[in-house]
Amino acid sequence: MTLIKSISGIRGTIGGQVGENLTPIDAVKFASAYGVWIKQQRDKENYKVVVGRDARISGKMMQNLVMNTLIGLGIDVVDLGLSTTPTVEVAVPMEHADGGIILTASHNPKQWNALKLLNADGEFLDGEEGAKILEIAESDTMNFADVDSLGKITKNRAYIDLHIIEVLDLPLVTVKPIEEARFRVVVDGVNSTGGIAIPLLLERLGVDVIKLYCEPNGHFPHNPEPLKEHLTDLSEAVKKHKADFGIVVDPDVDRLAFMDENGEMFGEEYTLVACADYVLSRTPGNTVSNMSSTRALRDVTEKHGGTYEASAVGEVNVVKLMKKNKVVIGGEGNGGIIYPDAHYGRDALVGVALFLSLLADKRMSVSELRKTYPNYFMSKKKIELTPDLDVDGILKVIEARYQNEQLTTIDGVKIDFPESWVHLRKSNTEPIIRIYTEAKSQDEADTLADKFIEEIGAIAKI
């Protein structure tokens, strides 16, 4: 059980002790701090915050706590109810709101929840803004509204539809060719809000949709992180229904992975590679992803005459570098597509529409498409943290040992070898050290990851 405070928001497990887990008191405390911060940004008469949630079991309780805290501060709330992270991001500027909160722990299992915090542009707060909210939360100087100045809650359930309209209106989304292709697709919505939004989008595009776990009841039928080992049911359904491909999203619909017609993973890392290939073929330019993402994006970008740069892990870091480099598409190798023509946030709906446009244009199967991209293999492993583990000290030792290699230390330690790389970093969302590697074969990637796990164990004597 744990409570994590980071640039990814306030995240923790439900129940347990105050201050150690995400309890109702912690939810009220951090929602209050966020509301105070919102009011500090601009001196005005009325304030408005958009609030939505994924379908996890604790979502309704958490949303009610957060919304009623905000109205207690005199802030009006637009209640989207069951929604997606990118939908809330789209809704904030459309509502001319001062910010937004999404109640979701993204890919974490059902016992987790979180407050993801947005600014007036519908984008995640940066580290400095997040630190200010944490400071306010610990200050106990929050001032609430009197009885005549309480905010009000307005329900609006139209935003998933409005979000879909925005996606369909993107110039690179080729609606007619997609309709003519008559795709059949299986969708695994992990019993969350992807089960609402993705089938609706596909139906609007004339796709024959087969739903798998699309009931938004929060009872995740498998680990909600969209990785191969969790998706045997999707693989079987794709083959059984002779589908063109399968789609899986995480509970809040900002991560996207595909499965080919044979029930094999397209590769979560290759979601961004494929979408970037399509966008770059129409609008040449530059790309950005984070340091833990595949080299294949660099290769595809350079093929189209653009330049690639890597940021620190974390959506806010990716977005910051994307804006600086004026890129045409970017994102994260975990299946997160950020397409500035839509908005600066990871968006599985945008990713699905771009991928379908690519397939309709190429007129090839998903397995054939995958063969057109450089073949890299990744290993994603982790070490559970214990209170006495000095992560920074361990990484300093690793850095010193490999000082003669190509090192990047803006986010943990990344070591680039000629034919492979390893990235070691403390997670923003879980109490773990992440060990990501990439090489020319799966065996090489796994062996490299295991080597560094052993090395860290020897340094820490664990």
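Computed from a predicted structure; not experimentally measured.

Caption draft 1: Examining the packing of aromatic side chains more closely. Inspection of the entire model under this criterion finds nine aromatic pairs. Between F183 and F245, the ring centres sit 6.3 Å apart and the planes meet at 70 degrees, which makes this aromatic pair edge-to-face. In this pair, F183 sits in the loop between α6 (175-181) and β8 (184-188) while F245 sits in strand β10 (residues 245-249), placing the two residues 62 residues apart along the sequence. By relative accessible area, which is 9% here, F183 ends up buried. Owing to a relative accessible area of 0%, F245 belongs among the buried residues under this scheme. Members of the aromatic cluster, connected to one another through ring pairs, are F183, F245, F258, F266 and F355.

Caption draft 2: Structural view of the pattern of salt bridges. Counting across every chain of the model gives 29 salt bridges. The partner of D98 in a salt bridge is K44, and the shortest N-O contact between them spans 2.9 Å. Of this pair, D98 sits in the loop between α3 (85-94) and β5 (99-103) while K44 sits in the loop between α1 (24-41) and β3 (48-53), and the two are 54 residues apart along the sequence. One salt bridge connects K116 with D254, and the closest N-O pair in it is separated by 3.4 Å. Highlighted residues: K116 in strand β6 (residues 112-118) and D254 in the loop between β10 and β11 (256-259), separated in sequence by 138 residues. You can call K116 buried: its relative accessible area is 3%. Residue classification places D254 among the buried positions, given a relative accessible area of 0%.

Caption draft 3: Here's a closer look at the sheet that holds β6. Strands sit in the order β1-β2-β6-β5-β3-β4-β7 across an open sheet of seven strands; the sheet is mixed. Edge positions in the sheet fall to β1 (3-6) and β7 (153-155), since each has one partner strand and no second. Taken pair by pair, the neighbouring strands of this sheet meet at an average axis angle of 15 degrees, ignoring direction. Of the pairings in the sheet, the one linking β3 to strand β4 (residues 76-82) comprises six bridges and is parallel in character.

Caption draft 4: Representation of α1. Compared with the 26 Å implied by 1.5 Å per residue over 18 residues, the 26 Å span of α1 between its first and last C-alpha is a close match. Restricting attention to buried positions, one finds in α1 the residues D26, A27, F30, A31, S32, A33, Y34, G35, V36, W37 and I38.

Caption draft 5: Region of interest: the UniProt feature "domain: Alpha-D-phosphohexomutase C-terminal" (unreviewed entry) in the protein. Per the UniProt record, the feature "domain: Alpha-D-phosphohexomutase C-terminal" (unreviewed entry) sits at residues 396-454. Within residues 396-454, the helical portion is 32% and the strand portion 36%, while the C-alpha atoms at the span's ends are 16 Å from each other.

Caption draft 6: Spatial organisation of the state of the cysteines. Enumeration according to the criterion identifies zero disulfides in this entry. This cysteine, C214, is not joined by any disulfide, and C275 carries the nearest cysteine sulfur, 19 Å off. Using a relative accessible area of 0% as the deciding quantity, one classes C275 as buried.

Caption draft 7: Summary view of the sheet that holds β8. Taking strand neighbours across the sheet as the criterion, the four strands line up as β9-β8-β10-β11 in an open arrangement whose pairing is mixed. The open sheet has two free edges, formed respectively by β9 (208-212) and β11, since each of these has just one partner strand. Neighbouring strand axes in the sheet, compared pairwise and without regard to direction, differ in orientation by 25 degrees on average. Both β10 and β11 contribute to a ladder of four bridges, which runs antiparallel. Note that in β11 the partner of V249 across the bridge is L256.

Rules used in this analysis
- Residues numbered from 1 in each chain as written.
- Predicted model: local features only at pLDDT ≥ 70, side-chain atom pairs only at ≥ 80, totals over all residues.
- Heavy atoms only, no water.
- Phe/Tyr/Trp six-rings, centres within 6.5 Å; stacked < 30°, edge-to-face > 60°.
- Helix = DSSP H or I, 4+ residues; strand = E, 2+ residues; numbered from the N terminus.
- Buried < 20%, exposed > 50% of the residue type's maximum accessible area, 1.4 Å probe, protein only.
- Salt bridge = Lys/Arg side-chain N within 4 Å of Asp/Glu carboxyl O.
- Pairing = 2+ DSSP bridges.
- Axes fitted to C-alpha atoms, helices over the stretch in contact; angles between N-to-C directions.
- Expected span 1.5 Å × (residues − 1).
- UniProt positions renumbered as here; feature names shortened; annotations may be inferred.
- Disulfide = S-S within 2.5 Å.

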